[in-house]
Amino acid sequence: MCKLDMDSKKGGTVMSFLRCTRSALGIWRLQNRIQIETSAVLPQASSVYGFVRSKNTTANHARSVDYQFSTTQWRHMVMGVLAGTGAVLVYGLYRQQVQQAEPKSITELTSLTVSARDNEVKQTYPIFTRQDVTKHKTMADGVWVTYKSGVYDITKFIDLHPGGKKIMLAAGGAIEPFWAMYAVHNQEHIYEMLEEYKIGELSPEDQKVATSDVSDPYGNEPLRHPVLKVNSLKPFNAEPPLEILSDNYLTPTEIFFKRNHLPVPEVDPKKFRLEIMGEGLTSIQLTLNDLKIKFPKHTVTATLQCAGNRRSEMNAVRQVKGLNWGMAAIGNATWTGAKLSDVLKYAGLPEDTNAKHVQFEGLDKDVSGSPYGASISIRKALAKDGDVLLAYEMNGENLSRDHGFPLRVVVPGVVGARNVKWLSKIIVSKEESKSHWQVNDYKGFSPSVDWDTVDFSTAPAIQELPIQSAITTPCNDDHISADDDEVTVKGYAWSGGGQEVIRVDVSLDGGKTWQVAELTGEKQDEGQAWAWKLWQLTVPLPKGQKNLEIICKAVDNNYNVQPDTVAPIWNLRGVLNNSWSRVKVTIEPGSG
Ligand SMILES: Nc1nc2c(c(=O)[nH]1)N[C@H]1C(S)=C(S)[C@@H](COP(=O)(O)O)O[C@H]1N2
Ligand SMILES: [Mo]
């Protein structure tokens, strides 16, 4: 994201555009939802998957906006809109639009759209393919976007865009999901303005909606937000651009990092059963409804972090094996569900059980039919203040497919890998899970251990994660104008095991001097600080310098600190990188 602006040397304007992301995501969610519901009526639309930009969802989007919104849809949208601060204004704007839109019938709306389309086809334009559009992503090649079936060359508009360079996020793809994110765009004059830049029409094939490919195990993946940076498409692994990550205390679900090892299973919630079995238990099965009504409903705000978060920085020291995650394989959300301890008690687990572990299995299976699995200690599972949930909601809505619909384990304070999604089986046992991901992966080793010498049986499975913090803005290699009086540094900080971040130190001179950042976050009980803290620090821009090395490091309530460099904690799998976060920025000579 920060590298988007290839031609411009000014980084200062970059930040303004995404400020309303959090609210606007709700709008995107709404469109997406309508689209999904529309798909039921229109079978050919039933499986749009993968990176939106590479798929032909334009027609689908066009169709979706023609539908009248139901009350539930608006409720979802409103929840999305309110998911963060600063959203109220946008919400107001939208509310007004709803009120205007509501009296219209579907027929009326449809005919309106049809007449608008009739006008469009009066002029003839050259035909472009989706691929042609994809090739135009830079100022040098020209910046093209599509809107519905139109192709637009917006190169000349880039510098005029009130929101700055973030418009480049949409370059080479469809503009709809971005406009949906940034509510201000949903206005007539903006659509008119876009028409001035029209250069062509999408080819009819590319206007068609992608149909599902049954032979592809990844042929039925959910739709994802195009702002995500994809690390791997099949299985789908992606993280949000850094600077929008720290815009929200609660990470909007759409941009929450997605870490899948296998295809995303499609689960019929009515047929869904959770099996509970093992040591000292008679096996039982629970429906989703059982879980919702038989047990008290708990909500916990907890941060989830992948063990591979910040792996790319480890890769820069020496090659490691694994997805090249940046600093955003982490997110904070509210999770709602039944407490695992309540469910285990209900299943008859005796208090003095001699079991040591609770194993989990997902519904996602590899080619040999073995499911994704992991386990946690029985101590964590049963701890009164452990807050381990069998969660059916994330951020106040049913889990999305990517995040484990209809049920996942949430183990606050513990590495992402144990938070098993699409949960179908719980096994109480004297043994740890035999799953590959428990036994032969997600473990830490000395920097001297390589793939010839590694013995996975010698290290314990990662559970609680160490203290972590990272800088989300500015980004590495950003340019700041010397005319700017101040620089604002932002980021996140979190510690595993419920330990609370008590301080974040920031340096602008490579670690010689330090200042304490301002922390924000929900107050959580001692030992249950599951959620991250966002932090920021605004300081005068040091004068007469060409470069800054900005560093952050966090401290938790047990005074655990982060190591200053990567090399001494390097490990072959590239996990557990919690070294000081370092960002280099250039100060451009100013005019004054
Ligand atoms: N069933 C299942 N559960 C899973 C995974 C998976 O691939 N399958 N990935 C794990 C890993 S490694 C992480 S980091 C988290 C990511 O959760 P998220 O995709 O909701 O962010 O899910 C964990 N649970
Ligand atoms: Mo992970």
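In this report, we go over the structure that sits alongside the text. (Residues numbered from 1 in each chain as written. Chains lettered and ligands numbered in written order. Predicted model: local features only at pLDDT ≥ 70, side-chain atom pairs only at ≥ 80, totals over all residues. Heavy atoms only, no water.)

## Describing the pairing of strand E22 (residues 501-507)
- When you tally the buried positions in E22, you get five out of seven residues, the bulk of the element.
- Pairing analysis gives six bridges linking E22 to strand E26 (residues 547-556), with the strands arranged antiparallel. Paired with Asp505 across the two strands is Lys553, which belongs to E26.
- As defined by bridge partners, E22 adjoins strand E23 (residues 515-516) across two bridges and the pair is classed as antiparallel. Bridging across to E23, Asp505 finds its partner in Val516. (Buried < 20%, exposed > 50% of the residue type's maximum accessible area, 1.4 Å probe, protein only. Helix = DSSP H or I, 4+ residues; strand = E, 2+ residues; numbered from the N terminus. Pairing = 2+ DSSP bridges.)

## Considering the site of ligand 1
- With respect to spatial proximity, 19 residues lie near ligand 1, and among them His261, Asp364, His403, Arg408 and Lys421 are the closest.
- One of the side-chain nitrogen or oxygen atoms of His403 is found 2.6 Å away from an oxygen atom of ligand 1.
- Relative to its unbound accessible surface of 530 Å², ligand 1 loses 100% to contact with the protein.
- In a pocket analysis with a 2 Å cut-off to the grid points, ligand 1 is assigned to the largest cavity.
- Along the lines of polarity and charge, the residues of the shell around ligand 1 split into nine nonpolar, five polar and five charged. (Near = heavy atom within 4 Å. Polar contact = N/O pair within 3.5 Å; in protein donor to acceptor, adjacent residues only side chain to side chain. Areas by Shrake-Rupley, 256 points an atom, 1.4 Å probe, with all protein chains shown as cover. 1 Å grid on protein atoms, 1.4 Å probe; cavity = no way out; pocket = protein on both sides within 12 Å on 5 of 7 lines; lining within 4 Å. Sits in = over half its atoms within 2 Å of the grid points. Nonpolar A, V, L, I, M, F, W, Y, C, P; charged D, E, K, R; others polar.)

## Describing the environment of Pro589
- When you line up the elements, Pro589 lands in the segment after strand E27 (581-588).
- For Pro589, a relative accessible area of 71% translates into the label exposed.

## Points about the pairing of strand E12 (residues 330-339)
- Counting buried positions over the ten residues of E12 gives ten, a clear majority of the element.
- Pairing geometry for strand E11 (residues 298-305) and E12, over eight bridges, is antiparallel. Of the residues in E12, the one forming a bridge with Gln305 is Ile330.
- Pairing of E12 with strand E15 (residues 389-394) involves five bridges; the strand directions are antiparallel. The residue bridging Ala338 from the neighbouring strand is Leu390, located in E15.

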